[in-house]
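Here is how the chains run, residue by residue.
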Amino acid sequence: LVKIEGAGMELKDYQTVNFKGQDLILDLMSSGVHYIVTARETDEKETIKLPDGTTQSVVTGRKIPDGFKGMDHNVKTEIRMFRNEDGTVCAWIEKDRTHVHDDYVTIEDPTLVDWQLLIKQQENQNSFSRMI
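Residues numbered from 1 in each chain as written. Predicted model: local features only at pLDDT ≥ 70, side-chain atom pairs only at ≥ 80, totals over all residues. Heavy atoms only, no water.

Asker: Quick rundown of the overall build of the protein chain? Include the residues and the values.
Answerer: Scanning the protein chain from terminus to terminus reveals three helices and five strands. When the helices and strands of the protein chain are placed in sequence order, the string is α-α-β-β-β-β-β-α. A buried classification covers 14% of the 132 residues belonging to the protein chain. Here the protein chain displays about 10600 Å² of accessible surface, and carbon together with sulfur accounts for 54% of that area. (Helix = DSSP H or I, 4+ residues; strand = E, 2+ residues; numbered from the N terminus. Buried < 20%, exposed > 50% of the residue type's maximum accessible area, 1.4 Å probe, protein only. Areas by Shrake-Rupley, 256 points an atom, 1.4 Å probe, with all protein chains shown as cover.)

Below, the structure is given as structure tokens:
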């Protein structure tokens, strides 16, 4: 349904939706709440100029989030989920500004419990600041 409904979007419609999506993520970041944003992955494409002067999109072989433009820059932790050859759910930690996990590591059976101590600490700080 999304593909069918989105097929008729004009460029100005896409830009409006993209701007509102970026604005939402920035509002969430500044609110102090914990949030999760999910996105599909798509192939990264690079535009190259051919000898005859035309341009062509070429797949680079890298996967990128298929979400709002710049979304990956405005998050504290970026995790890419996949199943390994044994079928175990794994997560590639692209970046983790919370320092719960190192950047560029793979963990098996990821869980939000990994971040529970950080969430609890921030909850205590927020309740203290509300008392002041």
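Asker: I'd like to hear about the pattern of salt bridges, residue by residue, with values.
Answerer: For the coordinates displayed, the defined rule picks out five salt bridges. The partner of Glu41 in a salt bridge is Arg80, and the shortest N-O contact between them spans 3.0 Å. Remark: Arg80 occurs in strand β3 (residues 77-83) and Glu41 occurs in strand β1 (residues 40-49); sequence separation between them is 39 residues. In this structure Arg80 comes out as buried when scored by relative accessible area, which is 12%. The partner of Glu78 in a salt bridge is Arg80, and the shortest N-O contact between them spans 2.9 Å. Owing to a relative accessible area of 10%, Glu78 belongs among the buried residues under this scheme. When salt bridges with common partners are traced through the structure, they connect Glu41, Glu78, Arg80 and Glu94 into a single cluster. (Salt bridge = Lys/Arg side-chain N within 4 Å of Asp/Glu carboxyl O.)

Asker: If you had to explain the sheet that holds β3 to someone new, which residues and values would you point to?
Answerer: Taken in spatial order, the three strands line up as β3-β4-β5 in an open sheet, and their pairing is antiparallel. The strands lining the two open edges of the sheet, one partner per strand, are β3 and β5 (105-108). On average, adjacent strands in this sheet sit at an angle of 30° to one another, irrespective of strand direction. Note that strand β4 (residues 89-96) and β5 share four bridges and pair antiparallel. Bridge pairing in β5 places Ile93 opposite Val105. (Pairing = 2+ DSSP bridges. Axes fitted to C-alpha atoms, helices over the stretch in contact; angles between N-to-C directions.)

Asker: Break down unusual backbone geometry for me, citing the residues and quoting the values.
Answerer: The phi dihedral of His99 falls on the positive side, at around 65°, and the residue is not glycine. Among the structural elements, His99 can be located in the loop between β4 and β5. If you check the backbone angles, Asp109 has positive phi at about 50° while not being a glycine. Position of Asp109 relative to the elements: it lies in the loop between β5 and α3 (116-131).

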